[in-house]
Amino acid sequence: IFGITIEEIKSTSCITTITPPHPDMLYVMDLMELSYFHENDIDTADKLIGNDKFYFDRGAIFDEISLRDYMTKYEATHMGELRTEWSNLCPGVSYILYVYGIEFNADGSDYDVITPISYQEVIPTPADIKEGIGFDINLEISGPDVHYTVTPQAWDGLYVIDVYDSSNELYRSENDVV
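Bear in mind that the values here come from a model prediction, so they are computed numbers and not experimental data.

Chemist: Let's hear about the packing of aromatic side chains: which residues, and what values?
Modeler: Tallied over the full model, the rule gives seven aromatic pairs. Judged by centre distance (5.3 Å) and plane angle (65 degrees), the ring pair of F2 and Y27 falls under edge-to-face. Taken together, the residues span a long stretch of sequence, with F2 in the segment before β1 (3-9) and Y27 in strand β3 (residues 26-33) at a distance of 25 residues. The same class applies to F2 and to Y27, which are both buried. Measuring from centroid to centroid gives 6.2 Å for F37 and Y98, while their planes differ by 80 degrees, and the two rings are edge-to-face. Note that F37 is positioned in helix α1 (residues 34-39) and Y98 in strand β6 (residues 95-104), a separation of 61 residues in sequence.

So, in structure tokens, the structure goes:
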């Protein structure tokens, strides 16, 4: 019932557009890892809506404001066409973008879901193996303290830093090829 357009997918980001069936319809939208649904036994629309509602209700109680005010404050509701740039995604991991329409009761303490859930799978492209990438590593050693900075060269994606003691079996000297 909602239009979902995936405009661009990269290894760690994507751009989506949600188009509601009516421009003045209030709706909930989120992008979550597929594994979250499996880990939390969310396999029906009712379970997904219940999971969202539990989270929103708990937040409203904690903030001591109405559900409508909480969802507005934290931008959990949207209206009109919405273009979103999602970042910090993991390459090759499956995500689900979902959206459903809602209508609040008069005092904003509850809402009804007024549309079926629309959804689409989003899978950021796996990162290509790159050539010519390097890292500038600067160390400052002061007794037992070591401070380091790592600056990637010719790379704007994710990377991992691990530090090992030279006696650790995972330690590799700068001469080792990994």
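Chemist: Outline the side chain of T17, supporting the account with residue identities and numerical values.
Modeler: Mapping T17 onto the fold places it in strand β2 (residues 14-19). In terms of polar contacts, T17 uses its side chain to reach the side chain of E7, at 2.3 Å.

Chemist: Mind laying out unusual backbone geometry, listing which residues take part and the relevant values?
Modeler: Notably, D41 is not glycine yet its phi reads approximately 55 degrees, a positive angle. One can find D41 in the loop between α1 and α2 (45-63). Overall, the relative accessible area of 48% leaves D41 in the partly exposed class. Located in the positive-phi region is E64, a residue other than glycine, with phi close to 55 degrees. Relative to the elements of secondary structure, E64 occurs in the loop between α2 and α3 (67-73). E64 gets classed as exposed once you look at its relative accessible area, which sits at 74%.

Chemist: Could you give me a rundown of the environment of Y148, with the residues and numbers involved?
Modeler: Here Y148 is to be found in strand β10 (residues 145-153). In the structure, Y148 is positioned ten residues away from N138 in sequence and 5.5 Å away in space, judged by C-alpha atoms. Those residues within four positions of Y148 in sequence are excluded, and the remaining contacts are N138, L139, I161 and V163.

Chemist: Requested: an account of the pattern of salt bridges, with residues and values cited.
Modeler: Taken as a whole and judged by the stated rule, the model has seven salt bridges. Salt-bridge contacts for E8 lead to K10; the nearest nitrogen and oxygen are separated by 3.6 Å. You can call E8 partly exposed: its relative accessible area is 33%. Of the charged contacts in the structure, one is a salt bridge between E85 and R83, with a shortest N-O distance of 3.6 Å. Under the relative-accessibility criterion, R83 is labelled partly exposed at 47%. Each of E7, R83 and E85 takes part in salt bridges that share partners, so that together they form one network.

Chemist: Let's hear about the sheet that holds β2: which residues, and what values?
Modeler: Taken in spatial order, the three strands make up an open sheet running β1-β2-β5, and their pairing is antiparallel. In the strand order of this sheet, the two ends are held by β1 and β5 (82-86), each with one partner. Across the sheet, the axes of successive neighbouring strands diverge by a mean angle of 20 degrees, strand direction being ignored.

Chemist: Give a description of the nonpolar core that names residues and reports values.
Modeler: Grouped together as the largest cluster of nonpolar side chains are 18 residues, with contacts concentrated most on F37, F56, L67, M71, Y100, I102 and Y111. Of all the secondary structure elements, the ones that give two or more residues to this core are β3, α2, α3 and β6. Residue contributions to this core peak at five residues, all from β6. With sequence-adjacent residues up to four places away left out, Y111 is seen in contact with D52, K53, F56, L67, M71, Y100, I102, E103 and F104. Membership of the second largest hydrophobic core comes to 14 residues, among which are F2, M29, W86 and L89.

Basis of the calculations
Residues numbered from 1 in each chain as written. Predicted model: local features only at pLDDT ≥ 70, side-chain atom pairs only at ≥ 80, totals over all residues. Heavy atoms only, no water. Phe/Tyr/Trp six-rings, centres within 6.5 Å; stacked < 30°, edge-to-face > 60°. Helix = DSSP H or I, 4+ residues; strand = E, 2+ residues; numbered from the N terminus. Buried < 20%, exposed > 50% of the residue type's maximum accessible area, 1.4 Å probe, protein only. Polar contact = N/O pair within 3.5 Å; in protein donor to acceptor, adjacent residues only side chain to side chain. Contact = heavy atoms within 4.5 Å. Salt bridge = Lys/Arg side-chain N within 4 Å of Asp/Glu carboxyl O. Pairing = 2+ DSSP bridges. Axes fitted to C-alpha atoms, helices over the stretch in contact; angles between N-to-C directions. Core = buried A, V, L, I, M, F, W, Y, C linked by side-chain atoms within 4.5 Å.

Geometric values such as these leave the question of function open.
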